[in-house]
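Residue strings, one per chain:
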Amino acid sequence: MGVKVCPRCGRTEKEVPFIGFFCRDCYLELNPPIKESEIKLKVCPTCGRIFVGYWTEFDLTKVAKWIKDHIKISNDVEKPILTITLGKEDEKTIEYRGILTGVIQGTPIEYRFSGTVRKVYEQCPYCARRAGGYYEAVIQLRGERWKELYKEVIDRISKEKDPKAFVTKEVPRREGIDIFVGSKKVAEKVAKKLKQLGAKVKFSYEQVTEKDGKPVTREFISIRL
Ligand SMILES: [Zn+2]
Ligand SMILES: [Zn+2]
């Protein structure tokens, strides 16, 4: 048996490992071990959240996982390990580089490639709700010092991670302001904090409709200082 010579590049198996009739490099060029399809990523133009099977805050690790989930690895590769590193990003795309390691027909491989994710802008359900005027609670700031509470309320809501932590609208009243909040939970949390600051807090509810036989209520939180 003679020494194998790669029919494509002329190197021998003394110089480089082989896979079948070809040297490893030529084999991988002829049979790319991954199938790249165009990967799309939905991005909300309003809040920047991304869709990775569910809507979530922009997160590099989640984007990398989304890419990984969309790259098809050839069945030839045994023990595949895929690593994705994100690169340049602009309004339309996110570049990435990948390294695939594994074994093909007993020969270890390391295959490097790069690709692009295309951003598709689509409003997330939270922003759609917000735009539609959705709210679950109304914080009613009253009293002589209501203005002191106002900044506190807006600050605290904006710091919450809850996707419904938004203010739908604000309506000035004769002796204060009504703040319409997307999330009951967030509104209650803010109210608790204001109570600690010395404000008087009162809750009341109004049934707006029924869903599956259960009443859907809106919460009114009167906060006085
Ligand atoms: Zn070759
Ligand atoms: Zn959004």
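1. Structural notes on the nonpolar core
Line of reasoning, step 1. Counting 20 residues, the largest nonpolar core has I139, V181, A187, V190 and I223 as its most contacted members.
Line of reasoning, step 2. Listing elements by their share of this core, those giving two or more residues are β11 (137–142), α4 (146–159), β13 (176–181), α5 (184–196) and β15 (214–224).
Line of reasoning, step 3. Looking at this core, the element that brings in the most residues is α5, giving five residues.
Line of reasoning, step 4. Ignoring sequence-local partners within four residues, the contact set of I139 consists of V153, I179, V181, A187, V190, A191, I221 and I223.

2. Considering the environment of V77
Line of reasoning, step 1. Within the secondary structure, V77 is located in strand β8 (residues 77–89).
Line of reasoning, step 2. A tally of 18 C-beta atoms within 10 Å means that V77 is categorised as partly exposed.
Line of reasoning, step 3. For the pair V77 and G176, spaced 99 residues apart in sequence, the C-alpha separation works out to 67 Å.
Line of reasoning, step 4. The residues touching V77, leaving out its near neighbours within four places in the chain, are P33, G102 and I104.

3. Some points on the sheet that holds strand β5 (residues 50–51)
Hydrogen bonds along the backbone pair up the strands of a sheet, which may run parallel or antiparallel.
Line of reasoning, step 1. The strand order β6-β5-β4-β10-β9-β8 describes an open sheet built from six strands, whose pairing is mixed. The open sheet has two free edges, formed respectively by β6 (55–56) and β8, since each of these has just one partner strand.
Line of reasoning, step 2. In the packing of helix α2 (residues 60–70) onto the sheet, the strands contacted are β4 (39–43), β5, β6, β8, β9 (93–104) and β10 (107–121), and the crossing angle to β8 comes to about 135 degrees.

4. With respect to the pairing of β15
Line of reasoning, step 1. As defined by bridge partners, β11 adjoins β15 across six bridges and the pair is classed as parallel. Its bridge partner lying in β15, L141 is registered against I223.
Line of reasoning, step 2. Bridge count between strand β14 (residues 200–211) and β15: eleven bridges; the pairing is antiparallel. Bridging from a neighbouring strand, E210 pairs with P215 of β15.
Line of reasoning, step 3. Taking the residues between adjacent antiparallel strands as the criterion, β14 and β15 are bridged by two residues, where D212 takes a positive phi near 50 degrees.

5. Notes on the environment of V3
Line of reasoning, step 1. Here V3 shows up in the segment before β1 (18–19).
Line of reasoning, step 2. With ten residues separating them along the chain, V3 and E13 place their C-alpha atoms 6.6 Å apart.
Line of reasoning, step 3. Apart from the residues within four sequence positions on either side, V3 is in contact with T12, E13 and K14.

6. So, the sheet that holds strand β12 (residues 167–173)
Line of reasoning, step 1. Pairing is mixed in the open sheet, where five strands are placed in the order β12-β13-β11-β15-β14. The sheet terminates laterally at β12 and β14, the two strands that pair on one side only. On average, adjacent strands in this sheet sit at an angle of 20 degrees to one another, irrespective of strand direction.
Line of reasoning, step 2. As paired strands, β12 and β13 are joined by six bridges and run antiparallel to one another. Bridging across to β13, P172 finds its partner in I177.
Line of reasoning, step 3. In the packing of α5 onto the sheet, the strands contacted are β11, β13, β14 and β15, and the crossing angle to β15 comes to about 25 degrees.

7. Here's the deal with the packing of α4 against α5
Line of reasoning, step 1. The geometry of α4 relative to α5 is characterised by a closest axis approach of 10 Å and an angle of 135 degrees between their N-to-C directions. In terms of axis orientation, α4 runs oblique to α5. Note that α4 runs across α5; the crossing there is right-handed. Between α4 and α5, the residues in contact are L149, E152, V153, R156 and I157 and V186, V190, K193 and L194, respectively.
Line of reasoning, step 2. For the contact of α4 with α5, the per-class residue count stands at six nonpolar, no polar and three charged.

8. Thoughts on the domain arrangement of the protein chain
Line of reasoning, step 1. If you check the domain split of the protein chain, you get domain 1 (18–25 + 32–121) and domain 2 (133–224).
Line of reasoning, step 2. Centre-to-centre separation of domain 1 and domain 2, based on C-alpha positions: 43 Å.

9. Side note on α5
Within an α-helix, residues lying three or four positions from one another point in the same direction, as the helix has 3.6 residues per turn.
Line of reasoning, step 1. Taking 1.5 Å of rise per residue, 13 residues should cover 18 Å, and α5 covers 19 Å from first to last C-alpha, within 8% of that figure.
Line of reasoning, step 2. Turning to α5, the residues buried within the fold contact β11, α4, β13, β14 and β15.
Line of reasoning, step 3. G198 occupies a position one or two residues after α5 and carries a positive phi of about 105 degrees.

Procedures and definitions
Residues numbered from 1 in each chain as written. Chains lettered and ligands numbered in written order. Predicted model: local features only at pLDDT ≥ 70, side-chain atom pairs only at ≥ 80, totals over all residues. Core = buried A, V, L, I, M, F, W, Y, C linked by C-beta atoms within 7 Å. Buried ≥ 20, exposed ≤ 12 C-beta atoms within 10 Å, placed from the backbone. Helix = DSSP H or I, 4+ residues; strand = E, 2+ residues; numbered from the N terminus. Contact = placed C-beta atoms within 7 Å. Pairing = 2+ DSSP bridges. Axes fitted to C-alpha atoms, helices over the stretch in contact; angles between N-to-C directions. Parallel < 35°, antiparallel > 145°, perpendicular 65-115°, else oblique. Left-handed = near helix turned anticlockwise from the far one by under 90°. Nonpolar A, V, L, I, M, F, W, Y, C, P; charged D, E, K, R; others polar. Domains from an automatic or database assignment. Expected span 1.5 Å × (residues − 1).

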